[in-house]
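Listed here are the chains, written in short residue letters.
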Amino acid sequence: MTRNDTPRANTQVMNRAALTKRIVGKLHRREAVVGGIGNSNWDLWAADPTRAENFYMLGSMGLAAPIALGVAIAQPERRVLALEGDGSLLMQLGCLSTIAARAPRNLIIVVWDNAIYQITGGQPTPAAQSGTDWVAIARASGIMQSHWAADEAEFDTLVETALTTDGPHLIAARIDAEPGRHQTDRDPVRFAQAFTRAMALPVA
Amino acid sequence: MTTAAPSHWPGEILAAFKAQDVRLVPYVPDNVLRPLIAAIEADPHFTAFPCAREEEAIGIAAGAVMSGMRAACLMQTSGFATLPNALASLVCAFQLPVVMVVSERGTLGEFNPGQAIVCRTMRPILDSMGIEHHTLTRLDECGFQADRALRQAFATRWPACLILSPLLTARPQ
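Residues numbered from 1 in each chain as written. Chains lettered and ligands numbered in written order. Predicted model: local features only at pLDDT ≥ 70, side-chain atom pairs only at ≥ 80, totals over all residues.

Okay, the overall build of chain A next. Helix and strand counts for chain A come out as nine helices and eight strands. Relative to the globule expectation of 17 Å for 204 residues, the C-alpha radius of gyration of chain A, 16 Å, shows essentially globular dimensions. Oriented by its inertia axes, the alpha-carbon framework of chain A measures out at about 50 × 35 × 30 Å. (Helix = DSSP H or I, 4+ residues; strand = E, 2+ residues; numbered from the N terminus. Rg over C-alpha atoms; globule rule 2.2 N^0.38 Å.)

This part takes up the overall build of chain B. A count of helical and extended segments in chain B gives eight helices and six strands. The linear arrangement of helices and strands in chain B, starting from the amino end, is α-β-α-β-α-β-α-α-β-α-β-α-β-α. Against the globule reference of 16 Å for 173 residues, chain B gives a C-alpha radius of gyration of 15 Å, in line with a compact fold. Counting only C-alpha atoms and orienting by the principal axes, one finds that chain B spans roughly 40 × 35 × 30 Å. When the 173 residues of chain B are sorted by exposure, 49% land in the buried category. (Buried ≥ 20, exposed ≤ 12 C-beta atoms within 10 Å, placed from the backbone.)

Our next topic: the pairing of strand 3 (residues 70-76) of chain B. All names here are of chain B. Where burial is concerned, most of strand 3 is hidden: seven out of the seven residues are buried. As paired strands, strand 1 (residues 22-27) and strand 3 are joined by three bridges and run parallel to one another. From the neighbouring strand, leucine 24 faces strand 3, where its bridge partner is alanine 71. Bridging between strand 3 and strand 4 (residues 99-103) involves five bridges; their strand directions are parallel. Pairing of glutamine 76 across the sheet is with serine 103, part of strand 4. (Pairing = 2+ DSSP bridges.)

Right, let's get into the sheet that holds strand 2 (residues 47-50) of chain B. Residues and elements named next belong to chain B. Strand order in this open sheet of six strands is 2-1-3-4-6-5, and the pairing throughout is parallel. One side of each edge strand has no neighbouring strand; the edge strands of this open sheet are strand 2 and strand 5 (132-136). Here the average twist between neighbouring strands, direction ignored, is 20°. One ladder, built from five bridges, connects strand 5 with strand 6 (residues 160-164); its direction is parallel. Paired with histidine 134 across the bridge in strand 6 is leucine 162. Strands in contact with helix 7 (residues 139-156) are strand 1, strand 3, strand 4, strand 5 and strand 6; relative to strand 5, the strand with the most contacts, it is inclined by about 170°. (Axes fitted to C-alpha atoms, helices over the stretch in contact; angles between N-to-C directions. Contact = placed C-beta atoms within 7 Å.)

Residue and element names in this part refer to chain A. Across the sheet, six strands lie side by side as 2-1-3-4-8-7; this open sheet has parallel pairing. A strand with exactly one partner marks an edge of an open sheet, and here the two such strands are strand 2 (54-56) and strand 7 (145-148). Sheet twist, expressed as the mean angle between neighbouring strand axes with direction ignored, is 15°. When strand 4 (residues 107-113) meets strand 8 (residues 169-174), the two strands line up parallel, connected through six bridges. Opposite isoleucine 108, over in strand 8, you have histidine 169 as the bridge partner.

At the junction of the two partners, chain A supplies 28 residues and chain B supplies 26 residues. Every element with two or more residues in the side of chain A that touches chain B is listed here: helix 3 (64-74), helix 5 (94-102) and helix 9 (188-199) of chain A. Per-element tally for the side of chain A that touches chain B: the top contributor is helix 3 of chain A, with eight residues. Counted by class, the side of chain A that touches chain B contains 18 nonpolar, nine polar and one charged residues. (Nonpolar A, V, L, I, M, F, W, Y, C, P; charged D, E, K, R; others polar.)

Below, the discussion takes up helix 3 of chain A. Counting buried positions over the 11 residues of helix 3 of chain A gives 11, a clear majority of the element. Among the residues making up helix 3 of chain A, those that are buried are A:Ala64, A:Ala65, A:Pro66, A:Ile67, A:Ala68, A:Leu69, A:Gly70, A:Val71, A:Ala72, A:Ile73 and A:Ala74.

A separate point is unusual backbone geometry. Trans is the common state for peptide bonds, and a negative phi is the common state for residues other than glycine. Of the consecutive residues A:Gly167 and A:Pro168, the connecting peptide bond is found in the cis state with omega at 10°. Mapped onto the fold, A:Pro168 is located in the loop between helix 8 (152-164) and strand 8. Residue A:Arg30 is not a glycine yet carries a positive backbone phi of 50°. At B:Gln95, a residue that is not glycine, the phi angle is positive and equals roughly 55°.

Turning our eyes to something else, we now look at the environment of B:Pro124. Residue and element names in this part refer to chain B. Note that proline 124 resides in helix 6 (residues 113-128). C-beta crowding within 10 Å serves as the criterion here: with 8 such atoms nearby, proline 124 is assigned to the exposed category. Sequence spacing of proline 124 and isoleucine 60 is 64 residues, and the spatial spacing of their C-alpha atoms is 24 Å.

This part takes up the packing of helix 3 of chain A against helix 3 (residues 54-66) of chain B. How two helices pack is summed up by the angle between their axes together with the distance between the axes. Between helix 3 of chain A and helix 3 of chain B, the least distance of the axes is 6 Å, while the angle of their chain directions is 45°. The orientation of helix 3 of chain A with respect to helix 3 of chain B, classified from their angle, is oblique. Classified by chirality, the crossing of helix 3 of chain B by helix 3 of chain A is right-handed. Here A:Pro66, A:Ile67, A:Ala68, A:Leu69, A:Gly70, A:Val71, A:Ile73 and A:Ala74 of helix 3 of chain A lie close against helix 3 of chain B, whose contacting residues are B:Glu56, B:Gly59, B:Ile60, B:Ala61, B:Ala62, B:Gly63 and B:Ala64. Class assignment for the residues of the contact of helix 3 of chain A with helix 3 of chain B results in 11 nonpolar, three polar and one charged. (Parallel < 35°, antiparallel > 145°, perpendicular 65-115°, else oblique. Left-handed = near helix turned anticlockwise from the far one by under 90°.)

The next thing to look at is the nonpolar core. One finds A:Ala68, B:Ala61, B:Ala71, B:Cys73, B:Val98 and B:Val99 to be the most contacted residues of the largest nonpolar core, which totals 118 residues. Looking at this core, the element that brings in the most residues is helix 3 of chain A, giving nine residues. When neighbours within four sequence positions are excluded, B:Cys73 is seen to be in contact with B:Pro26, B:Tyr27, B:Ala57, B:Ile58, B:Ala61, B:Val98, B:Val99 and B:Met100. (Core = buried A, V, L, I, M, F, W, Y, C linked by C-beta atoms within 7 Å.)

Printed below as a string of structure tokens:
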């Protein structure tokens, strides 16, 4: 079943690498960014591999938002972003209720929706086949400030609003099937130590 | 469902958390843990809240501990059994001192066959990843065990698991 009359269907298909660069370009206050498994964190790495406030998750699919929630609770003065794929979020939908219940003002979830399990060969997710709407789910879970980005200009506006007003915020963007081009170093202990040191620095 | 015998084991665990500066306690509820959860939620030192799934609690604790806030995740045996992937690929791979406190069901009088089987998987899972675990059985020892296990976890940056045996939580002491 394909639906043409949904809010999701009325958004442009964008590019994850380009949008990730737009996000990172707006970060000037040592914001924490947690990249979800695979392509989400490869594009985060490609946007700026020197950024110590990035955490590059490995195999714990679906845990980008919970990890970001832990950072947000520990450091309420720091903005914290989770960049998560639609298939990953589908594995851990309950975390949206947990996040809504805690209502962290400083947490931003970005959902990359390509409707496929891209890294395993592009198989469609069940959510794609059913027409699942991430923004509707997030709002129904209690994250009221949840929006689809219609195009790059609106994506910019939504990110800027999320960085400067009380959240939690969720931004969903439809993206194409271009794979991440620059894989992260496979060095989890270094990433954990660098991120820990970065989190010990005050918010700029 | 077992009912906790009157004892002060929750106070011993709570005191160890405080001594080791654990402040964040995400949990998935369990009947045996009820008095510990109630004591923690009544104490303003702690931020404690329920999660929809145990993996979430592990992710939250991982993010918090890298950001300067020590955490302990509370759960039941069957919930622990959902965790091997998160423990391997997040907690162990990144060497994060995430602490788990598991109330042990499936042994010493369990009525539910499913719980009895899943209980047998817990220690082999922990052992297979080299995660330090201690089974707390006696009121006069549990505070020392909890305090020392947490101290070692944070000092050596490695996860630890405290297993609350029915010998501690259900036996009159």
